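Residue strings, one per chain:
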Amino acid sequence: MSFSLKTKNELARIISHERCCQLAEFAALIRMDGTVQISAYRRVSLSVTTENAAVARKIFKLAKELFNMKTEILMYRKNRLKKNNVYSIRIPPQPQVGKVLQLLGLMDESLRWRTHAQDLFPHELVEKPCCKRAYLRGAFLGGGSVNNPEGTYHLEIITHSKFHAQTIARLMHDYDLKAKISERKNWYVVYLKESEQIVNCLNILGAHQALFAFENTRIMKEMRNQVNRLVNCETANLNKTVNAAVRQLEAINVIESTIGLHRLSPGLKQVAELRLAHPDISLKELGEMASPPIGKSGVSHRMRKLENLAHKLRP
Ligand SMILES: [Zn+2]
């Protein structure tokens, strides 16, 4: 089961005790995945589709508890190749449907359709912090997904309405979540990219099990990356040592083939001979082999002199 699906299943099981929050979440679910049908004689029905069984149950339950509405759930296969079931919750024409449309801001108090309903949002629904969270939870259940933290960090909620995407982003901003919006074909994507922000968002939505799983994976991943970085760093140091030794040997060979090592001062000559005899030892070890022994910085100093000399002698 994907991380996203696990998170949704966890969130779908949360039923708020407060009516205000239930209304907010129900409104978000309908706004994300619902359609309004108007038949002859202006009879209005609603239907909401989802691929998640737990979400379907939640919509069914909320419709019953909040408005005591008659609802039907239909289940069908999207197509024969895909195994996913699609659940369609149909709310047939009944007086309460008007109340739902009022709740969504689509109808006014006297049950007249509002014009430009697209751009209307019932802000009183999300005035309280508890309701803001519930609304975001509904929006996530309706059109959200979150990547497995093993991969790239990404949480998103997609909607067809630019206005609704902006509303969702604004609600997230109220919780200091730096949500951004991008366009994808005919969709608007509200997304978070940073791991810390995703953790905060899961917390706000109430997905605590998903949050712990996310954190565990993230910590393991970061430890693994840190170990890799250390290993790379050591390899890099080793390469540096090897490169230095190769450079020193080249310099000594130049001196030997031009003026000869016997023309060097005894101190430089000794270091040059030791390097030729032991190409792969460190400067510290090389110093210990000298008589009298010399420190690492002393050896390094002499090596630099040899390299400078070779540079002048180089044809
Ligand atoms: Zn509330």
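Just so it is clear, the model here is predicted, and its values are computed rather than measured. (Residues numbered from 1 in each chain as written. Predicted model: local features only at pLDDT ≥ 70, side-chain atom pairs only at ≥ 80, totals over all residues. Heavy atoms only, no water.)

Chemist: Would you take a moment to explain the sheet that holds strand E6 (residues 155–159) for this structure?
Modeler: Two orientations exist for strands paired in a sheet by backbone hydrogen bonds: parallel and antiparallel. Spatial ordering of the open sheet is given by E5-E6-E8-E7, a layout of four strands whose pairing is antiparallel. If you trace the sheet from one side to the other, it starts and ends with strand E5 (144–146) and strand E7 (180–184), each paired once. Across this sheet, the average inter-strand angle for adjacent strands is 25°, counted without regard to direction. Alignment of E7 against strand E8 (residues 187–192), held across five bridges, turns out to be antiparallel. By the bridge assignment, Ile-181 is partnered in E8 with Val-190. Strands E5 and E6 of the sheet are contacted by helix H5 (residues 129–143), whose axis makes an angle of about 80° with E6. This element, helix H6 (residues 162–173), spans E6, E7 and E8 of the sheet and lies at about 10° to E8. (Pairing = 2+ DSSP bridges. Helix = DSSP H or I, 4+ residues; strand = E, 2+ residues; numbered from the N terminus. Axes fitted to C-alpha atoms, helices over the stretch in contact; angles between N-to-C directions. Contact = heavy atoms within 4.5 Å.)

Chemist: Explain the sheet that holds strand E4 (residues 85–91) to me, please; I cannot follow it from the model alone.
Modeler: Read across the open sheet, the four strands follow the order E1-E2-E4-E3; overall the sheet is antiparallel. Edge positions in the open sheet fall to strand E1 (34–38) and strand E3 (72–77), since each of these has one partner strand only. Taken over all neighbouring pairs, the strand axes of this sheet differ in orientation by 25° on average, direction set aside. Alignment of strand E2 (residues 44–50) against E4, held across five bridges, turns out to be antiparallel.

Chemist: Mind showing me how you'd approach the coordination of the zinc ion here?
Modeler: Around a metal, the ideal angle is 109.5 degrees if four donors adopt a tetrahedral arrangement and 90 or 180 degrees if six donors adopt an octahedral arrangement. In this structure, Cys-20 (SG), Cys-21 (SG), Cys-130 (SG) and Cys-131 (SG) serve as the protein donors to the zinc ion, at separations of 2.3 Å. Metal-centred angles of 96 to 127° between the four donor atoms at the zinc ion mark the site as tetrahedral. (Donors = N, O, S within 2.8 Å, 3.2 Å for Na, K, Ca; no water. Tetrahedral: all angles 85-135°; square planar, octahedral: opposite > 155°, others 65-115°.)

Chemist: Please explain the domain arrangement of the protein as it appears in this structure.
Modeler: Along its sequence, the protein is organised into domain 1 (3–206) and domain 2 (222–313). Summarising the inter-unit geometry, the C-alpha centres of domain 1 and domain 2 are found 68 Å apart. (Domains from an automatic or database assignment.)

Chemist: Even after reading the chapter, I still don't get the packing of helix H8 (residues 208–258) against helix H9 (residues 266–277), so can you show me in this structure?
Modeler: Packed helix pairs are characterised by how far apart their axes lie and by the angle those axes make with each other. Interaxial distance between H8 and H9 falls to 10 Å at its minimum, and their mutual angle equals 120°. Considering the angle they form, H8 stands oblique to H9. Between H8 and H9 lies a crossing whose hand is left-handed. Contacts between H8 and H9 involve Ala-245, Gln-248, Leu-249, Ile-252, Asn-253 and Glu-256 on the former and, on the latter, Ala-272, Arg-275 and Leu-276. (Parallel < 35°, antiparallel > 145°, perpendicular 65-115°, else oblique. Left-handed = near helix turned anticlockwise from the far one by under 90°.)

Chemist: What am I meant to see in unusual backbone geometry here?
Modeler: Cis geometry is adopted by the peptide bond preceding Pro-292, which originates at Ser-291 and carries an omega value of -5°. With respect to the helices and strands, Pro-292 occurs in the loop between helix H10 (283–289) and helix H11 (296–313). The phi torsion at Asn-68 lies on the positive side, around 50°, for a residue other than glycine. Counting through the fold element by element, Asn-68 comes out in the loop between helix H3 (53–67) and E3.

Chemist: Sorry, what's going on with the pattern of salt bridges here?
Modeler: Side chains that differ in charge, positive against negative, can pair when their charged atoms come close. Evaluated as defined, the whole model comprises 11 salt bridges. In this structure, Arg-90 and Glu-72 form a salt bridge, with 3.6 Å as the shortest nitrogen-oxygen distance. Pair noted here: Arg-90 is in strand E4 and Glu-72 is in strand E3, with a separation of 18 residues, a long-range link. Using a relative accessible area of 29% as the deciding quantity, one classes Arg-90 as partly exposed. For Arg-224, the salt bridge identified is with Glu-150, shortest N-O distance 3.2 Å. In this pair, Arg-224 sits in helix H8 while Glu-150 sits in the loop between E5 and E6, placing the two residues 74 residues apart along the sequence. The class of Arg-224 is partly exposed, set by a relative accessible area of 43%. A single salt-bridge network, built from bridges that share partners, covers Glu-25, Lys-58 and Arg-137. (Salt bridge = Lys/Arg side-chain N within 4 Å of Asp/Glu carboxyl O. Buried < 20%, exposed > 50% of the residue type's maximum accessible area, 1.4 Å probe, protein only.)

Chemist: Would you mind showing me how to read the packing of aromatic side chains here?
Modeler: For any pair of aromatic rings, the description consists of the separation of the ring centres together with the inter-plane angle of the planes. Applying the stated rule across the entire model yields three aromatic pairs. Taking 5.7 Å as the distance between ring centres and 45° as the angle between the ring planes, the aromatic pair formed by Tyr-153 and Phe-214 counts as tilted. Highlighted residues: Tyr-153 in the loop between E5 and E6 and Phe-214 in helix H8, separated in sequence by 61 residues. Tyr-153 sits in the buried class, given a relative accessible area of 16%. One aromatic cluster in this structure is built from Phe-3, Tyr-153 and Phe-214. One residue, Lys-221, lies across the ring of Tyr-153, its end atom 4.2 Å from the ring centre. (Phe/Tyr/Trp six-rings, centres within 6.5 Å; stacked < 30°, edge-to-face > 60°. Lys NZ or Arg CZ within 6 Å of the ring centre and 35° of its normal.)

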